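# A look at the structure
Each chain, written out:
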Amino acid sequence: MRAVLRRLVPRSLLLRNLLGVVAGLVVVVLVLETTSPFRNSQFATMSYYAIAAAGLTVLTGLNGQISLGHGALMAVGAYTTALLLEGGSVPFPLAMLAAAAVTAVAGVVVGAAAARLHGPYLAGATLALAVGVPGLAIYFDGLLGGEQGLSVRSPRPPDWFADAHYFLTAGELGGAKYLAYVGWITLLVVVLLLANLMAGRYGRVWRAVRDDEVAAELAGMRLGGLRILAFVVSAACAGLAGSVLAMVVRLAAPSGFTIVLSLSLLTAVVVGGLGSLTGALLGSALLVFLPPAVTNLGTGAGLTGVQAAQLAPLVYGVVLVVVMLLAPGGVMGLLRRLWRRGINQGGST
Amino acid sequence: MAEPRGTLDIRGLSARYGPVTALDAVDITASPGRVTAVLGANGAGKTTLLRTISGLVKGADGSVLLGGRDLTGASAETIARAGIAHVPEGRGVITELTVEENLRLGELLGTARRGKGGREHRLDTVYEMFPALEQRRRREANSLSGGERQMLVIGRALLSAPEVLLLDEPSLGLAPRIVAQLFALIRDLVDREGITVLLVEQNARSALSIADTGFVLNLGRVVAAADAASLAGDADLRHAYLGF
Amino acid sequence: MQQFVNITLNGLSQGAIYAAFALALVLIWRATRIINFAQGAMAMFTTYLALTLIESGQSYWVGFAAALVAGLVLGALVERIVMRPVEGGPELNAVIVTLGLFVAFQALAAILFGATFQSFPAPFGLRGFTVGEFTIAFTPFSVFVIGSVLVVMLALTALFRFTDLGLRMRASAFSQEVSRLLGVRVGRMLTLGWAFAAVVGSLAGLLIAGGNLVHPAYMDAVIVYGFVAAVLGGLESPGGAVAGGLITGLALSYVSGYLGSELVTLAALGILVAVLLVRPRGLFSRVAERRV
Ligand SMILES: Nc1ncnc2c1ncn2[C@@H]1O[C@H](COP(=O)(O)OP(=O)(O)OP(=O)(O)O)[C@@H](O)[C@H]1O
Ligand SMILES: [Mg+2]
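Within an unreviewed UniProt entry, the label attached to chain B reads ABC transporter ATP-binding protein, and the organism entered is Prauserella endophytica. Reading the Sequence similarities (unreviewed entry) entry of the UniProt record for chain B gives the comment "Belongs to the ABC transporter superfamily."

As annotated in an unreviewed UniProt entry, chain A carries the name Branched-chain amino acid ABC transporter permease and comes from Prauserella endophytica. Turning to chain A, the UniProt annotation filed under Subcellular location (unreviewed entry) states: "Cell membrane".

### Here we look at the arrangement of the chains
For the two pairs of chains in contact, the largest share of contacts goes to chains A and C. As for chain B relative to chain A, no contact occurs, and the smallest C-alpha gap between them is 20 Å.

### With respect to the pattern of salt bridges
Applying the stated criterion to the full structure yields 22 salt bridges over all chains. Between K177(A) and E33(A) there is a salt bridge, with its nearest N and O atoms 3.0 Å apart. Of this pair, K177(A) sits in helix 9 (residues 175-199) while E33(A) sits in helix 2 (residues 13-34), and the two are 144 residues apart along the sequence. Relative accessible area serves as the criterion here: at 21%, E33(A) is assigned to the partly exposed category. Between D188(B) and R192(B) there is a salt bridge, with the nearest N and O atoms lying 3.4 Å from each other. Here R192(B) and D188(B) lie together in helix 7 (residues 176-193), a separation of four residues that amounts to about one turn. Overlapping salt bridges bring together R5(B), R113(B) and E163(B) as one network.

### Some details on the coordination of the magnesium ion (ligand 2)
Of the protein atoms, only T47(B) (OG1) and E89(B) (OE) coordinate the magnesium ion (ligand 2), at distances of 1.8 to 2.5 Å. Note that T47(B) is positioned in helix 1 (residues 46-53) and E89(B) in the loop between strand 6 (84-87) and helix 3 (99-114), a separation of 42 residues in sequence.

### Concerning a positive patch on the surface
Taken together, the side chains of R336(A), R337(A), R340(A) and R341(A) make up a positively charged region of the molecular surface. Mapped onto the elements, R337(A) comes out in helix 17 (residues 330-348).

### Observations regarding the confidence of the model for chain B
Put simply, chain B has an average pLDDT of 88, and 96% of its residues get 70 or more. Interface confidence for the predicted complex, given as ipTM, is 0.91, next to a pTM of 0.88.

### A word on the side chain of S47(A)
Residues and elements named next belong to chain A. With respect to the helices, strands and loops of the structure, S47 is situated in helix 3 (residues 37-63). In this structure S47 comes out as buried when scored by relative accessible area, which is 0%. Not counting residues up to four positions away in its chain, the partners in contact with S47 are G183, W184, L187 and V244.

### Side note on helix 2 of chain A
Residues and elements named next belong to chain A. Here helix 2 spans 31 Å end to end across 22 residues, near enough to the 32 Å set by a 1.5 Å rise per residue. Every buried residue of helix 2 is listed here: N17, V21, G24, V28 and L32. Across the axial projection of helix 2, the buried residues extend over an arc of 60 degrees, all falling on one side. With respect to the buried face of helix 2, the exposed residues turned more than 90 degrees away are L19, V22, L30 and T34. Contacts made by the buried residues of helix 2 are with helix 3 and helix 9.

### Here we look at the site of ligand 1
Residues and elements named next belong to chain B. As a structural note, the neighbourhood of ligand 1 is formed by 13 residues, with N42, T47, T48, E89 and Q202 the closest of them. N42 is positioned such that a nitrogen or oxygen atom in its side chain is 2.7 Å from an oxygen atom of ligand 1. Here an oxygen atom of ligand 1 and a backbone polar atom of G43 are 2.8 Å apart. Considered on its own, ligand 1 offers 630 Å² of accessible surface; in the complex 61% of this is hidden by protein. A per-element tally of the shell around ligand 1 places helix 1 first, with three residues. Split by residue class, the shell around ligand 1 holds four nonpolar, six polar and three charged.

### Considerations on the interface of chain C and chain B
It is common to give the size of an interface as the accessible area lost on bringing the parts into contact. The interface of chain C with chain B comprises 20 residues on the first partner and 22 residues on the second. Of the roughly 2000 Å² buried between chain C and chain B on both sides combined, carbon and sulfur atoms contribute 63%. Interface area lost by chain C to chain B is led by L167(C), L181(C) and L182(C), which between them contribute 35%. R161(C) is paired through a salt bridge with E101(B); the nearest N and O atoms lie 3.9 Å apart. At the level of elements, helix 6 (164-174), helix 7 (176-181) and helix 8 (186-209) of chain C are the ones that each hand at least two residues to the side of chain C that touches chain B. Ranked by residues supplied to the side of chain C that touches chain B, first place goes to helix 6 of chain C with six residues. Broken down by class, the residue content of the side of chain C that touches chain B amounts to eight nonpolar, five polar and seven charged.

### Observations regarding unusual backbone geometry
Of all residues except glycine, most have a negative phi; of all peptide bonds, most are trans. Residues and elements named next belong to chain B. Unusually for a residue other than glycine, R91 sits at a positive phi of about 85 degrees. Note on R91: relative accessible area 13%, which makes it buried. The phi torsion at L219 lies on the positive side, around 45 degrees, for a residue other than glycine. By the element assignment, L219 lies in the loop between strand 9 (213-218) and strand 10 (221-227). Residue L219 is classed as exposed on the basis of its relative accessible area of 66%.

Quick notes on the rules
- Residues numbered from 1 in each chain as written.
- Chains lettered and ligands numbered in written order.
- Predicted model: local features only at pLDDT ≥ 70, side-chain atom pairs only at ≥ 80, totals over all residues.
- Heavy atoms only, no water.
- UniProt positions renumbered as here; feature names shortened; annotations may be inferred.
- Contact = heavy atoms within 4.5 Å.
- Salt bridge = Lys/Arg side-chain N within 4 Å of Asp/Glu carboxyl O.
- Helix = DSSP H or I, 4+ residues; strand = E, 2+ residues; numbered from the N terminus.
- Buried < 20%, exposed > 50% of the residue type's maximum accessible area, 1.4 Å probe, protein only.
- Donors = N, O, S within 2.8 Å, 3.2 Å for Na, K, Ca; no water.
- Patch = residues over 30% accessible without salt bridge, like charges linked within 9 Å, V, L, I, M, F, W, Y side chains within 5 Å.
- Areas by Shrake-Rupley, 256 points an atom, 1.4 Å probe, with all protein chains shown as cover.
- Lys, Arg positive; Asp, Glu negative; His and termini not counted.
- Charge placed at Lys NZ, Arg CZ, Asp CG, Glu CD.
- pLDDT = per-residue confidence, 0-100.
- Expected span 1.5 Å × (residues − 1).
- Arc of directions from axis to C-beta.
- Near = heavy atom within 4 Å.
- Polar contact = N/O pair within 3.5 Å; in protein donor to acceptor, adjacent residues only side chain to side chain.
- Nonpolar A, V, L, I, M, F, W, Y, C, P; charged D, E, K, R; others polar.
- Buried area = accessible area lost by both parts, 1.4 Å probe.

Put into structure tokens, the structure is as follows:
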């Protein structure tokens, strides 16, 4: 059975990943077309969490650097997008690219400092980043709108897209659905790029650095440059995610980028399994679909709305602790263990 | 069981590090008032033996008995409180503490044990034995020389009023003259206080010169066990395992 | 001139609190090589307990004492139950566990005590002393802040320098294995270390809250300031933490007073990065090198 599956999958990595993306696209279309506008907007939310989490998993899972500052990096992307879309003359894909680029530049700066830090020091420094950056929006309130933030014009679907969509599905293309498409197409592209990167030379090198710094350095790898590169890649993803967030939420405001956002992203990658893109997707799904569920449970159990809304972060925190204590490999780690056990049993019988 | 106090009985002790078997069914007995030497080449399993006895290596098979009391699987803290003092490889000076603070840690253990009838040792007697330590009592142990550190850890172990003293390569890094003094001191202590000493050494010749009995370990197994004089007199054994 | 004096005085009393918080971080770091990022959230939680008692009609001092005792118990429980399994493991795992606790405590506080701002009483006056014709920014409450931080530091110093328990705790922090061989119950010492640290953290939480508004996230920035202070002091030394706390308090007070309060956390970030890159072992170490 497995052998057959294996033969059906193409050899070349790029082809295999491309095939995955096309399959992903089909799934996205099917899911978005068959679900309600409310679910569509949930999927739009999931797309930006997943983009940021995918970037973070490269940094933390592959390169072993923790970042609590990804919420702040998302803020950079979101504000860039808000500013560029303000006049109405910049097309949104350009704004997204610009957001990624600006955040990548921020990533160079942060990464250069971070490259020399590890573990708790890095966590503390990026925590300071997460707590400090929203202050900038308030300080430059003339440009960035202070506490209120900037409202964002979210893009309308262009005619050709709406036509193509109608042609394919004979359905209406609502605003939420369009944004969900934008988010998920971005996500698929990001995942394709990251998957290739992780499987390629840089992926190997990053893993080597994570596993044995000294050996990697003796082997002639330039640790500093490699770490900065990981940070930049990861920051660009956070910038893109922030850009999608701004368009979906129609707002870039300091209250959207608290430390809790950074910690939610960390939860997503840890729960999914550090270093795994699939894990990052699973973790992001958790961030989107868990809160309404536990909030409902909470109101059902007699909590007020405000209290029930706090159940989700409570669960994140508990889950972070429990996963680290019981299954540090996250969901993907567990699955991999089961899979291996299956192979071993299959081999011995 | 009618074992006398202070007898250390090791039965069928085996220990593994992953796939590596470091100890393989080792039987050793060490008696009060005697120095029992454990000899063997690098990697023979000597350190592992002591660390297993004192509870630092977990998950071993076999048993460790002190005066008939089964200590197998107990925590290192419990084993230390039962009266086994382990002076580890590299000596185990806590370099951030002062000389006197290091000694006081031994004394605290001794005080905790005294209820159980341990012999009394006081800081003063250790300072009498090692005047160099008294001069440096307020200094960080960091500043001591190798020989002074060895005095410090032996003094610290004695303050804990042990029944059994485990010494892991005490001669390492010391000048021959200091080694001779050190071994004379150990012999003297055993004769005066009647404690049990298990002495791990690479320096087989010196060790056998003060030991009563000896065991030779190779690849985790006991390959020879006899009184010290006959071990020292066995030329084949010396060539094969002891290198002198 | 008057402004400068006031900003300095304010910086000193804030600095005393950061010093206490940094001290709590250093105690745990020395013993377990873990930065307790949940320290602030734990302190927030015990401060809310105090507030609940005070609002139910108890005196400030009952609430104060209860918060410290709660800190002691909470610190011990946290170490024993969730930190023990990750001690000595990969450093990232321990970091993630403390962050999980951070989020969990904050959310739990919002559920139990509400997510709104509540005012927290101060046991002493909040009006500045008058010197000649000026009112300076130094209040009876500031005296209490600095005094209680001093008392705690002296008590800790006495504990570590002069008692057997303190000796055992220090030994466990420096060398767990040797301490075990000397019969020290290292596990208990680590639990106690976390417990004492949480008491000091709780004190910092109470002092920050006094005469101010509290809400579940009010300690977030303090974690950063405390961490900056601890790193300034080299992360290893209690004395360094205290000095680092005072320096941080002063520096941030000047930034707030002359540049704008929104920039305080960013300034803290700037100080942190500068120290980590230029003097990773802290301001007071003689050697500049260290892997951070
Ligand atoms: N922590 C460890 N993990 C894995 N293997 C170990 C460990 N400690 C020791 N070993 C292995 O166990 C065997 C016995 O080691 P041990 O340290 O007990 O030898 P030894 O006789 O004390 O040697 P030496 O004279 O060099 O101190 C060796 O093969 C060693 O490589
Ligand atoms: Mg050895």
